[in-house]
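Inside the fold
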Amino acid sequence: MPKPKVAFYWCASCGGCEEAIVDLNEDILKVVELVDIVFWPCAMDFKYSDVRKMKDNEITVAFINGAIRNDEQEKMVRLLREKAQLVIAFGSCSQLGGIPGLANFWDRETIFESSYGKNCPSVDNPKRIFPQTKSKVPEGELTLPAFHNTVRSLDQVIDVDYYIPGCAPPPYLTMKAIGVILSGELPEKGTVLAPEKTLCDECSRNDSKPEKISIKEIKRISEVIVDSKKCFLAEGVICMGPVTRSGCTEEGDGKCISANMPCRGCFGPPPEVKDVGGKMVSALASIVGLEGEENMSDEDAEKLINQIVDPAGYFYRFSLPTSLLRRKRMSNLVKGEK
Amino acid sequence: MNTKAIIFCCNWSVYPGLLLSEDTTVEPDPEYKIIVNMCSGRLQPDLILEALKDSAWGVMIAACPPEECEHDGNYKAKRRVLLLKRVLEQFGIEPQRLKLEWIDKGESVKFKKAISDFIDELKELGPIKKLEIN
Ligand code: SF4
């Protein structure tokens, strides 16, 4: 029987998800024994035309990491969708929009302006030469992929079968997912191949939480050293554990938590959470200034809440494109009435 | 759709009074819809976001005034609204579209006035602009 064919592809990502495949270490040899890697531009020499030549559904499974930021990525994932029986959104950017998705607080124009224009102090560009999708040079025409205004998650562009969360996904989850797919006993379409509990549920610091947490002052992790056994939230440091899926390590405790850093939320929401930011507003505002709340003036409550710097950026750090509101409304982007 | 404002109000305080004061022979005002919840402190922000995403021009939460909520949920609601307003602003949505009003039991007249004032404010702002994803 021919081996199942596997493809890996990257879109708007940092390369960490590719690294996460390499991090399978010797396990990658087991994978290679079981499957044929037919496309992996980051690591092996394949051309887009190799994929175009394949028959529909010829690839058993395509692992696609990164968000969709430009035309080239969109075309490639559409092509891979045609050629693959299963598509897996691999990593936070692909699943939720990820860090590149934070660009949805801006649009193409403002991003170009801060990269090539007057808002970039280290760039001297008096002629205001900006990237063009087509430009004529003596040798002919050069093209660049069109840069979209809005970053999208993979499932906002193509149909996705499964999700593997994480920035980047831990090797043990990747191996498990490959095992499940090769076994042929496929879970329900749309399943996130990771545990369903929240990180707090699994966190060894959870027991240190007082029965009622009340935050008097918001502290940033760069300003304090938190006792390695104490819950970050109880210490006034924002931790996304209450609204984030567990599973970033096999043992349960969060990867960042074990390095004495609060959870940033890269595993995305557990199944019952619809909008990470909404849930975090709820969780955090409930405990900030809880003690003595009946005597707190409106001004003091506002001052305390305002200690949370950049709330949307913090709460939607990995999930802005898949949040309920998806992006910032900007005058040159919006059109018409609702 | 004519609905401009979604009004969340509590099942145990202001809503029963409002029901009693309503003239059932008059068609309800299509410009707002009331959603009854169990306490302002139980209202989840995702519901507010959902309303703003879908069609509402604004959302008002009618909560019991300080010291009047049996569960102290109103203080929580206050802080959530403060934080959510800042989040909305980052999404380019005017924070005035979210409003918390202290309304006590039996203050139906005040409640109705607050709703109509809010709708006037929303008309000044106009609808939330529709997103063009490209
Ligand atoms: S808030 Fe963070 S530190 Fe506290 S229990 Fe949850 S995951 Fe652990």
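Here goes a summary of the coordinates provided. (Residues numbered from 1 in each chain as written. Chains lettered and ligands numbered in written order. Predicted model: local features only at pLDDT ≥ 70, side-chain atom pairs only at ≥ 80, totals over all residues. Heavy atoms only, no water.)

To continue, consider helix α6 (residues 108-116) of chain A. Among all positions of α6 of chain A, only Ile 111, Phe 112 and Glu 113 of chain A are buried. Turning to α6 of chain A, the residues buried within the fold contact β4 (68-70) and β8 (147-152) of chain A. (Buried < 20%, exposed > 50% of the residue type's maximum accessible area, 1.4 Å probe, protein only. Helix = DSSP H or I, 4+ residues; strand = E, 2+ residues; numbered from the N terminus. Contact = heavy atoms within 4.5 Å.)

With that out of the way, let us pick up the sheet that holds strand β2 (residues 36-39) of chain A. Residue and element names in this part refer to chain A. Taken together, 5 strands build an open sheet; the order of strands is β2-β1-β3-β5-β9 and the sheet is parallel. Only two strands of the sheet have a single partner each, and these edge strands are β2 and β9 (162-164). When the angles between neighbouring strand axes are averaged without regard to direction, this sheet yields 30°. As defined by bridge partners, strand β5 (residues 84-90) adjoins β9 across 3 bridges and the pair is classed as parallel. Paired with Ile 88 across the strands is Tyr 162, a residue of β9. Across the sheet, helix α7 (residues 171-183) touches β3 (59-65), β5 and β9, and the angle it forms with β5 is around 160°. (Pairing = 2+ DSSP bridges. Axes fitted to C-alpha atoms, helices over the stretch in contact; angles between N-to-C directions.)

On to the side chain of Thr 150 of chain A. Residues and elements named next belong to chain A. Take Thr 150: it is sitting in strand β8. When its relative accessible area of 1% is taken as the criterion, Thr 150 is described as buried. At 2.9 Å, the side chain of Thr 150 forms a polar contact with the side chain of Arg 327. (Polar contact = N/O pair within 3.5 Å; in protein donor to acceptor, adjacent residues only side chain to side chain.)

Right, let's talk about the interface of chain B and chain A for a bit. Across the boundary between the two partners, chain B contributes 33 residues, which contact 47 residues of chain A. For the pair chain B and chain A, the summed buried surface comes to about 3,900 Å²; carbon and sulfur atoms form 63% of the total. Broken down residue by residue, the surface that chain B buries against chain A is led by Arg 79, Gln 90 and Phe 91 of chain B, which jointly contribute 20%. Between Arg 79 of chain B and Glu 293 of chain A there is a salt bridge, and its shortest N-O distance comes to 3.0 Å. The interface formed by chain B and chain A contains 14 residue pairs in polar contact (both at pLDDT 80 or more). Broken down by secondary-structure element, the contributors of at least two residues to the side of chain B that touches chain A are α2 (45-54) and α3 (73-90) of chain B. Top contributing element to the side of chain B that touches chain A by residue count: α3 of chain B, with 12 residues. Each residue belonging to the side of chain B that touches chain A can be placed in one class, and the counts come to 15 nonpolar, 5 polar and 13 charged. (Buried area = accessible area lost by both parts, 1.4 Å probe. Salt bridge = Lys/Arg side-chain N within 4 Å of Asp/Glu carboxyl O. Nonpolar A, V, L, I, M, F, W, Y, C, P; charged D, E, K, R; others polar.)

Working definition: an aromatic ring pair is given by the centre-to-centre distance plus the angle between the planes. Residue and element names in this part refer to chain A. In this structure the tally under the stated criterion is 13 aromatic pairs over all chains. Ring geometry for Tyr 9 versus Tyr 48: centroids 6.3 Å apart, planes at 70°, classification edge-to-face. One end of the pair, Tyr 9, is in strand β1 (residues 5-10); the other, Tyr 48, is in helix α3 (residues 48-53), and 39 residues separate them in sequence. These aromatic residues form a ring-pair network of at least three members: Phe 8, Trp 40, Phe 63 and Phe 90. (Phe/Tyr/Trp six-rings, centres within 6.5 Å; stacked < 30°, edge-to-face > 60°.)

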